[in-house]
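As a plain string of letters, each chain reads:
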Amino acid sequence: MKGASSLTLQPASPHIGADVLYIDVAEVIERNDTAVLDAIQQAIEEHIVLRFRKQKLTPEQMEQLGRHFGPLLSLKRKNNDAAHIQGVDYLKIISNVQQSDGRPLGDGSSAPQDWHTDGAAKPVPAGYTYFYARKVPGVPPKTYWMNAYLIYESLPADMKEKIAHLRVIHHEYPAGNEFPLPPSKSLEERQVGPQHPLVRLHPTTRRPVLFLPHRDDMLVVDMSPDESFSLISRLRRHAAESPYWWTAAMEVDDLVVWDNRSALHKRDGWDQSLERIVWHLANEGEPPIPLPESSRVA
Ligand SMILES: [Fe+2]
């Protein structure tokens, strides 16, 4: 297997992200060049987010790319079949565009979003996410990615000790992570959802990552609501104030791939009258891996 050195990578920031230069992803797919595809996977592990500019991909090629890295996630939503491209099974449209019949062209809106992990409220959150920009406003909104390894590593030692084996209930709440964040659900409703480790191990690098809850009001298993709030809001503040992020405004024909196991992401909002269309694909992840019971916390 060729290493990531077979690609030309240009780091995008000191902490996360890289541009992959001089590559035609469609051509790599058509050639089924597994050495280059394996090098891309190695580069994602290393840089967490990769951007490929000026790409020309068909829906089929984008799905083929995703399949190389594992099973694809079904992103189908009930009552929104307009968000799916004919002829492919997994690609979904994310857009704020309203069609002439009033139906949305795709999932999503133009609202800003808070830091999140795709699929966190599911028992098996997403692995890689792929965004391919098809139409953007004149001043495109920025997306932000945060290195979640470094968020964890920069916590004080006593905090690492405290959270090492805690689990959080990731309850569902309306409108995802979009601002304005909706009010809290009832305590009873917040007790329903998958219980994920607050510190998870990346499945391949085996490095610990802070699996940041999306809301301050999520409940920590076996902890009172007040204590949970105080702990989670402190962790969310630590993440929000961390410097380990990169931001980029996606331009048309930009393809961006990131690993949800090691990145948080969010985006700015934009004027609802301006249209943005992005093709969206994701790999199935795996149930988050807790730190081993016996592990010592640095
Ligand atoms: Fe997302």
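About the criteria used
- Residues numbered from 1 in each chain as written.
- Predicted model: local features only at pLDDT ≥ 70, side-chain atom pairs only at ≥ 80, totals over all residues.
- Heavy atoms only, no water.
- Pairing = 2+ DSSP bridges.
- Helix = DSSP H or I, 4+ residues; strand = E, 2+ residues; numbered from the N terminus.
- Buried < 20%, exposed > 50% of the residue type's maximum accessible area, 1.4 Å probe, protein only.
- Donors = N, O, S within 2.8 Å, 3.2 Å for Na, K, Ca; no water.
- Salt bridge = Lys/Arg side-chain N within 4 Å of Asp/Glu carboxyl O.
- Phe/Tyr/Trp six-rings, centres within 6.5 Å; stacked < 30°, edge-to-face > 60°.
- Lys NZ or Arg CZ within 6 Å of the ring centre and 35° of its normal.
- Domains from an automatic or database assignment.
- Contact = heavy atoms within 4.5 Å.
- Buried area = accessible area lost by both parts, 1.4 Å probe.
- Polar contact = N/O pair within 3.5 Å; in protein donor to acceptor, adjacent residues only side chain to side chain.

Enquirer: Tell me about the sheet that holds strand β11 (residues 219-220), and please be specific about residues and values.
Expert: Read across the open sheet, the 3 strands follow the order β8-β7-β11; overall the sheet is antiparallel. Edge strands, defined here as strands with exactly one partner in the open sheet, are β8 (195-197) and β11.

Enquirer: Tell me about unusual backbone geometry, and name the residues and values.
Expert: That bond from Phe-179 to Pro-180 is cis: its omega, -5°, falls within 30 degrees of zero. Counting through the fold element by element, Pro-180 comes out in the loop between β7 (167-169) and α6 (187-190). Backbone geometry places Lys-54, a non-glycine residue, at a positive phi of 55°. With respect to the secondary-structure elements, Lys-54 resides in the loop between β3 (49-52) and α3 (59-68). Using a relative accessible area of 74% as the deciding quantity, one classes Lys-54 as exposed. Located in the positive-phi region is Asp-253, a residue other than glycine, with phi close to 75°. In this fold, Asp-253 is placed in the loop between β12 (245-249) and β13 (255-259). A relative accessible area of 11% means that Asp-253 is categorised as buried.

Enquirer: Would you mind going over the coordination of the iron ion in detail, with residue names and values included?
Expert: Note on the iron ion: its protein donors are His-116 (NE2), Asp-118 (OD) and His-265 (NE2). The metal-donor distances range over 2.1 to 2.2 Å. All donors of the iron ion come from a single chain, and their spacing in sequence reads H-x1-D-x146-H. Highlighted residues: His-116 in the loop between β4 (92-95) and β5 (126-135) and His-265 in strand β14 (residues 263-267), separated in sequence by 149 residues.

Enquirer: Which residues make up the pattern of salt bridges, and what values do they have?
Expert: Inspection of the entire model under this criterion finds 15 salt bridges. A salt bridge links Glu-153 to Arg-207, with the shortest nitrogen-to-oxygen separation between them at 2.9 Å. Of this pair, Glu-153 sits in helix α4 (residues 148-153) while Arg-207 sits in the loop between β9 (199-201) and β10 (208-210); the two residues are 54 residues apart in sequence, bridging distant segments of the chain. Classification of Glu-153 as partly exposed rests on a relative accessible area of 37%. With a shortest N-O distance of 3.9 Å, Arg-267 and Glu-178 are connected by a salt bridge. A residue pair is termed long-range when its members are at least 10 positions apart, and Arg-267 in strand β14 and Glu-178 in the loop between β7 and α6 qualify at 89 residues.

Enquirer: Please provide a residue-by-residue account of the packing of aromatic side chains, values included.
Expert: One pass over the full model with this rule turns up 8 aromatic pairs. Among the aromatic residues, those joined into a ring-pair cluster are Phe-131, Trp-145, Trp-246 and Trp-258. Stacked on the ring of Phe-211, the Lys or Arg Arg-200 has its end atom at 4.7 Å from the ring centre.

Enquirer: Explain the sheet that holds β10 residue by residue, including any values.
Expert: Adjacent strands of a sheet form backbone hydrogen bonds with each other and so pair up, either parallel or antiparallel. Spatial ordering of the open sheet is given by β10-β9-β16, a layout of 3 strands whose pairing is antiparallel. One side of each edge strand has no neighbouring strand; the edge strands of this open sheet are β10 and β16 (289-290). Where β9 and β10 come together, 3 bridges link them in antiparallel fashion. Note that in β10 the partner of Leu-201 across the bridge is Pro-208.

Enquirer: Please provide a residue-by-residue account of the domain arrangement of the chain, values included.
Expert: Segmentation of the chain into domains returns domain 1 (4-147 + 244-285) and domain 2 (152-240). Each side of the interface is counted separately: domain 1 has 22 residues, and domain 2 has 22 residues. Carbon and sulfur atoms supply 56% of the area buried between domain 1 and domain 2, which totals about 1900 Å² over both sides. Area buried by domain 1 at its contact with domain 2 is led by Asp-114, Ala-121 and Arg-261, which between them contribute 30% of it. Where domain 1 meets domain 2, there are 2 salt bridges. Across the salt bridge formed by Arg-236 and Asp-114, the nearest N and O atoms sit 3.1 Å from each other. Linking domain 1 to domain 2 there are 10 residue pairs in polar contact (both at pLDDT 80 or more).

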